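Structure at a glance
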Amino acid sequence: MREDSCGKIQCPSCLARANLAVPDAPLDAHAQQQRPITRQSFLRGLGALAFLPLLRSVPAFAKDEPEAKPDMAVQEIAPGVFVHQGQYAMQSPENMGDMANCAFVVGDEAVAVIDTSCSAICGEALRKSIADVTSKPIRYVINTHMHPDHVFGNVAFKQDAPTFVGHHNLKNALQVRTDAYLTANERMIGPAFQGSEVILPDLGVEKKTELDLGGRALILEPQATAHTNNDLIVTDTGTDTLFLGDLLFSVHIPTLDGSITGWLALLDDFEKRKAARVVPGHGPHAMQLPGALKPEQLYLQTVADDVRKLIKDNLPLGEATKIAGYRQEHAWKLFDDYNARNVSAAYAELEWE
Amino acid sequence: MLHAKTSSPSVSLAGLKRGASALLCGAFALAAIAALPAPAKADIDDWPGLKRTVFDNRDVIEEDGVVILDTPQVVQDAALVPITVRVPPEVKEPIKSLTIVIDKNPMPVLAKLTFGPAAGTGGERRFTTRARIDTFSHIRAVVETEDGKLHMTTKFIAAAGGCAAMNAKDPTTLTDGLGKMIVKTFEPALPSTPIWEGMVMLKHPNFSGLQINPNTGDFIAARFIYNADVKRDGELVFNMRAGSAISTNPNFRFTFGRGEENVLTVKMTDTDETVFEAHSEPSGT
Ligand SMILES: [Zn+2]
């Protein structure tokens, strides 16, 4: 089996020295074309680089400044609670990243923003919508989770020096994805993405936490892994409005980047909750419990049931993505953009049940 | 059966290139990149160098139908890309080896399988696994037939970020249940069919060495399955040498020649020299 001596062909250290070559096929063929580097020096080099993306932002060049501005119109769904409804779309140059719902709550003393859309330009437009309503200071910017369409507008609020708030897993989740998120969204949104950057939370919420806005408080509750591993829900005590972030999708197909079993379990809990209204991460401005949850529960349950059956029938992952969930195709916008991805994630999770 | 880990030798990632792209992580939004044009670096042709180093510059017959490669049209998750290689039933002779190469990956050879007497003939032969794709790249399946000739088919995959991606959605559960292993055979509708299918799945993070630990910001040390031996009733189906680009929780499906008991025994070894072994139940007897 394993041998301590490096004289043995199976010793990984020897494989390493041979640039991970197998006897007749070098796994790393490039090693012979380049000066080999040690793993340590490689990691040291990358370690330094690893911090770069966090500091990186897309420079704003005046000459490319887009003429059009996103329309971040808001609707007052309850006294002092304003919601902007995002478009049902992937990010694009046309929508400039306006694709997720964002909201703000105005207290006697201060304002809290809940999600900031997918670009600096959308964040700025949202900030202007807030200024049209109130001159009170922005004390908190809360992100319901890590996804780009909920966080990239944060940068527009830096000038207000608010406390940026998220789930205790949010900081790490964003750190490891910063470069990828910037690259992908730069490509998809184009020049309108200029100036966008990742702003990490100052406050990581580990347990039920209250934030005061003067005369009304927001209650923040971090959730177990469901849509992502950093979902945070927010209740405005002033109006009993519950902001579910992307734990609730309506019209826009749900997207799975966490745990399908975790999400379904959470929805069972949400069914028992009472709130005057809920605000989805994607969907109309406001909805009612428990009915608002039903279509999403049906979709996720359908994916889970289909995937479990296909695994039982020994269908491989690649084939399953072409079949599972399709009974729900008619019920959702952007189905073709996300269903196969959801199935792939569900399969990798459920095959180990 | 999980043998205790007895040492943790370091694994060199010599020859790694494109450090910056290695920093790309498992972003949800990355799926969308697949639809966009490939970046310029994908235009650099790595094949001449790979042909020299991996195949000793031997003649390679391209696209002659001996080998077929199935990859998804749209990559949903660059850290979990299903790849199937098929040798159609018209090809009657035994296959000596199969090598899968992803040109632009930090370790271009995904896996090399050397087939044994139990690999079987008399029907379509298949091998399926899931790979991490670091950036837009050509992917090649090269089959060596009994006569020593190499046959290649090539596809292009538009995906990025797979090697650095943490494909567990919840990184804190990555090493839960490490070593759990399942080996199965799928008895064909007609048990006399000479080619059967089997599967092995192993709970193992298969760390590529390019993933960042979100809790510390450091790179997670490489730890991946580099060797596997698959036997049917004690006879070799194939030996596999694998690189770091096999996805988390390695999963292999493959065909084998029908035997008496059809018990598959699989032994896998990771770069920490931990050995994982399991076998299937007898079938078709
Ligand atoms: Zn989301």
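Above this text is the structure in question.
Residues numbered from 1 in each chain as written. Chains lettered and ligands numbered in written order. Predicted model: local features only at pLDDT ≥ 70, side-chain atom pairs only at ≥ 80, totals over all residues. Heavy atoms only, no water.

**Comments concerning the nonpolar core**
- Within the largest apolar cluster, 48 residues are counted, with the highest numbers of intra-cluster contacts made by B:Phe127, B:Met181, B:Met240, B:Phe254 and B:Met268.
- Non-local contacts of B:Phe254, meaning those with residues more than four positions away in its chain, are made with B:Arg126, B:Phe127, B:Trp196, B:Glu197, B:Gly198, B:Met199, B:Val200, B:Val230, B:Phe238 and B:Leu264.
- Membership of the second largest hydrophobic core comes to 41 residues, among which are A:Ala226, A:Ile253, A:Ala346 and B:Leu80. (Core = buried A, V, L, I, M, F, W, Y, C linked by side-chain atoms within 4.5 Å. Buried < 20%, exposed > 50% of the residue type's maximum accessible area, 1.4 Å probe, protein only. Contact = heavy atoms within 4.5 Å.)

**A word on the coordination of the zinc ion**
Residues and elements named next belong to chain A.
- Bound to the zinc ion are the protein donor atoms His 145 (NE2), His 147 (ND1), His 227 (NE2) and Asp 246 (OD), situated 2.1 to 2.2 Å from the metal.
- Metal-centred angles of 87 to 167° between the 4 donor atoms at the zinc ion mark the site as irregular.
- For the zinc ion, the single-chain donor residues occur in sequence as H-x1-H-x79-H-x18-D. On the criterion of sequence distance, the pair formed by His 145 in the loop between strand S7 (138–142) and helix H5 (148–151) and Asp 246 in strand S13 (residues 241–249) is long-range, its members being 101 residues apart.
- Residue His 145 is classed as buried on the basis of its relative accessible area of 0%. (Donors = N, O, S within 2.8 Å, 3.2 Å for Na, K, Ca; no water. Tetrahedral: all angles 85-135°; square planar, octahedral: opposite > 155°, others 65-115°. Helix = DSSP H or I, 4+ residues; strand = E, 2+ residues; numbered from the N terminus.)

**With respect to the pairing of strand S14 (residues 264–270) of chain B**
Residues and elements named next belong to chain B.
- Among the 7 residues in S14, 5 count as buried, and that is most of the element.
- Relative to S14, strand S11 (residues 225–232) is paired through 7 bridges, and the arrangement is antiparallel. Across the sheet, the residue bridging to Ile 225 is Asp 270, located in S14.
- Note that S14 and strand S15 (residues 275–279) share 5 bridges and pair antiparallel. (Pairing = 2+ DSSP bridges.)

**Focus on the packing of aromatic side chains**
- A full pass over the atoms with the stated rule returns 11 aromatic pairs over all chains.
- Aromatic pair A:Tyr299 and A:Trp332: ring centres 5.9 Å apart, planes at 70°, arrangement edge-to-face. Taken together, the positions of A:Tyr299 in helix H9 (residues 294–312) and A:Trp332 in the loop between helix H10 (317–320) and helix H11 (335–350) put the pair 33 residues apart, joining distant regions of the chain.
- A relative accessible area of 8% places A:Trp332 in the buried class.
- Ring geometry for B:Phe115 against B:Phe238: centres 6.2 Å apart, planes inclined by 75°, an arrangement best described as edge-to-face. One end of the pair, B:Phe115, is in strand S5 (residues 109–115); the other, B:Phe238, is in strand S12 (residues 235–242), with 123 residues separating them in the sequence.
- Relative accessible area serves as the criterion here: at 23%, B:Phe115 is assigned to the partly exposed category.
- Overall, B:Phe238 belongs to the buried group, its relative accessible area being 2%. (Phe/Tyr/Trp six-rings, centres within 6.5 Å; stacked < 30°, edge-to-face > 60°.)

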